[in-house]
Protein chains: 2
Amino acid sequence: MAEDVFKALADPTRRRILDELAERDGQSLFEICARLATKHGLGLSRQAISQHLAVLEAAGLVRTRRQGRYKFHDLNTGPLERIVTRWLRPDVPESAP
Amino acid sequence: MAEDVFKALADPTRRRILDELAERDGQSLFEICARLATKHGLGLSRQAISQHLAVLEAAGLVRTRRQGRYKFHDLNTGPLERIVTRWLRPDVPESAP
DNA sequence: TTGTCATGCAAGTCATCACTTGCCTATGGT
DNA sequence: ACCATAGGCAAGTGATGACTTGCATGACAA
């Protein structure tokens, strides 16, 4: 649902997480925590990131795959491509001859 | 700022307003109120819509022009085109040969 | 099995946001 | 001048959301 996508993108921390996954796919929860802390100076608890990831997954922006006791997260840009074209002109330039 | 754009898009009512302006540019506050009420069944107060329009204008998604005692609102899709490309591949397909 | 590491669930707190109500300003018609 | 119309400002309320703390679960190693 588009509603979930927009709400997921509303939070700056979640956008940072998407940035991180765009740079390196398949990170675990702790990896994301560490990189957000070191690179962006975000001092958030593990659960905070976990909840953000749950929101992103519910919106379809992040796909997860479990492997043993690890859970890897991958970015999924599918929903992103559809949401904004709603207000851009109905005739998309890509499909034009 | 991208922050303002995402926050502006987070609310369903504001997205409806953008829909309305995308369909017909240059509407006044009361026109938007009326059309939201009749077409979408939204029973919101005038101030509610006014505050939403202020948020949209602060985000650069809506441009306003005063004319007498009327204030007309126009959709501005500029910020929309930039925000999502952040996570789509750095190489934009439009510029590819 | 026992300990440890990676993650999940639940409740509680604090801030932000959407919406309302009431009053005020200003423009235009008569 | 008068009154109605279009819009703005401000404070207050209720709900949603971000974050924390504490405990529980499941997997791997010794």
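Given the structure is predicted, the values throughout are model-derived calculations rather than measurements.

Q: Give a detailed account of the overall build of chain A, specifying residues and quantitative values.
A: The number of helices and strands found in chain A is five helices and two strands. Listed by position from the N terminus, the elements making up chain A come as α-α-α-α-β-β-α. For chain A, the spread of C-alpha atoms along the principal axes amounts to about 50 × 30 × 20 Å. Looking at chain A as a whole, 40% of its 97 residues qualify as buried. As presented, chain A carries roughly 5,700 Å² of accessible surface, and 51% of it is formed by carbon and sulfur atoms.

Q: Give me the nonpolar core: which residues, what numbers.
A: Ranked by internal contacts, the top residues of the largest apolar core, which has 44 residues, are Leu9(A), Leu61(A), Leu9(B) and Leu61(B). Ignoring sequence-local partners within four residues, the contact set of Leu9(A) consists of Arg15(A), Leu18(A), Leu61(A), Leu80(A), Ile83(A), Phe6(B) and Trp87(B).

Q: An account of the protein's contact with DNA strand C is requested, with residue identities and associated values reported.
A: Taken together, the neighbourhood of DNA strand C is formed by 22 residues, with Lys71(A), Arg14(B), Ser45(B), Gln51(B) and His52(B) sitting nearest. Restricting the count to atoms of DNA strand C within 4 Å of the protein gives a sugar and phosphate share of 64%. Between DNA strand C and Phe30(A) there is a distance of 3.1 Å, counted from a phosphate oxygen to a backbone nitrogen or oxygen. Where the surface near DNA strand C is concerned, the elements lending two or more residues are α3 (29-40), α4 (46-58) and β2 (70-75) of chain A together with α2 (12-23) and α4 (46-58) of chain B. Element by element, the count of residues in the surface near DNA strand C is highest for α4(B), at four residues. Tallied by class, the residues present in the surface near DNA strand C amount to five nonpolar, ten polar and seven charged.

Q: Give me the packing of helix α2 (residues 12-23) of chain A against α3(A): which residues, what numbers.
A: Geometrically, a packed helix pair is captured by the angle between its two axes and the distance between the axes. All names here are of chain A. The N-to-C vectors of α2 and α3 enclose an angle of 105°; their axes lie 11 Å apart at closest approach. Relative to α3, α2 is oriented roughly perpendicular. For the pair α2 and α3, the contacting residues are Arg16, Ile17, Glu20, Leu21 and Glu23 in the first and Ile32, Arg35, Leu36, Lys39 and His40 in the second. Among the residues forming the contact of α2 with α3, the class breakdown is four nonpolar, one polar and five charged.

Q: I'd like a description of the pattern of salt bridges, backed by residues and values.
A: Summed over all chains, the structure comprises 18 salt bridges over all chains. Because the salt bridges share partners, they merge into one network encompassing Glu20(A), Glu23(A), Arg35(A) and Lys39(A).

Q: If you had to explain α3(A) to someone new, which residues and values would you point to?
A: All names here are of chain A. An ideal rise of 1.5 Å per residue puts 16 Å on twelve residues; α3 measures up with 16 Å between its terminal C-alpha atoms. Among the residues of α3, those classed as buried are Leu29, Ile32, Cys33, Arg35 and Leu36. Where α3 is buried, its residues contact α2, α4 and β2.

Q: Any details on the layout of surface pockets? Residues and values, ideally.
A: All names here are of chain A. If you add up the space inside the second largest pocket, you get close to 250 Å³. Counting only elements with at least two residues in the lining of the second largest pocket, the list comes to α3, α4 and β2. In terms of residues, the lining of the second largest pocket owes the most to one element, α4, which gives four residues. Of the residues belonging to the lining of the second largest pocket, the class tally is five nonpolar, three polar and four charged.

Q: How would you sum up the side chain of His73(B)? Please name residues and give values.
A: Residue and element names in this part refer to chain B. For His73, the position within the fold is in strand β2 (residues 70-75). What makes His73 buried here is its relative accessible area of 5%. With residues up to four places along the chain from it excluded, the contact list for His73 reads Leu21, Asp25, Gly26, Gln27, Ser28, Leu29, Ile32, Leu53, Val62, Arg63 and Thr64.

Cut-offs used in this document
- Residues numbered from 1 in each chain as written.
- Chains lettered and ligands numbered in written order.
- Predicted model: local features only at pLDDT ≥ 70, side-chain atom pairs only at ≥ 80, totals over all residues.
- Heavy atoms only, no water.
- Helix = DSSP H or I, 4+ residues; strand = E, 2+ residues; numbered from the N terminus.
- Buried < 20%, exposed > 50% of the residue type's maximum accessible area, 1.4 Å probe, protein only.
- Areas by Shrake-Rupley, 256 points an atom, 1.4 Å probe, with all protein chains shown as cover.
- Core = buried A, V, L, I, M, F, W, Y, C linked by side-chain atoms within 4.5 Å.
- Contact = heavy atoms within 4.5 Å.
- Near = heavy atom within 4 Å.
- Polar contact = N/O pair within 3.5 Å; in protein donor to acceptor, adjacent residues only side chain to side chain.
- Nonpolar A, V, L, I, M, F, W, Y, C, P; charged D, E, K, R; others polar.
- Axes fitted to C-alpha atoms, helices over the stretch in contact; angles between N-to-C directions.
- Parallel < 35°, antiparallel > 145°, perpendicular 65-115°, else oblique.
- Salt bridge = Lys/Arg side-chain N within 4 Å of Asp/Glu carboxyl O.
- Expected span 1.5 Å × (residues − 1).
- 1 Å grid on protein atoms, 1.4 Å probe; cavity = no way out; pocket = protein on both sides within 12 Å on 5 of 7 lines; lining within 4 Å.
- Points joined across faces, edges and corners; volume = space filled by probe spheres on them.

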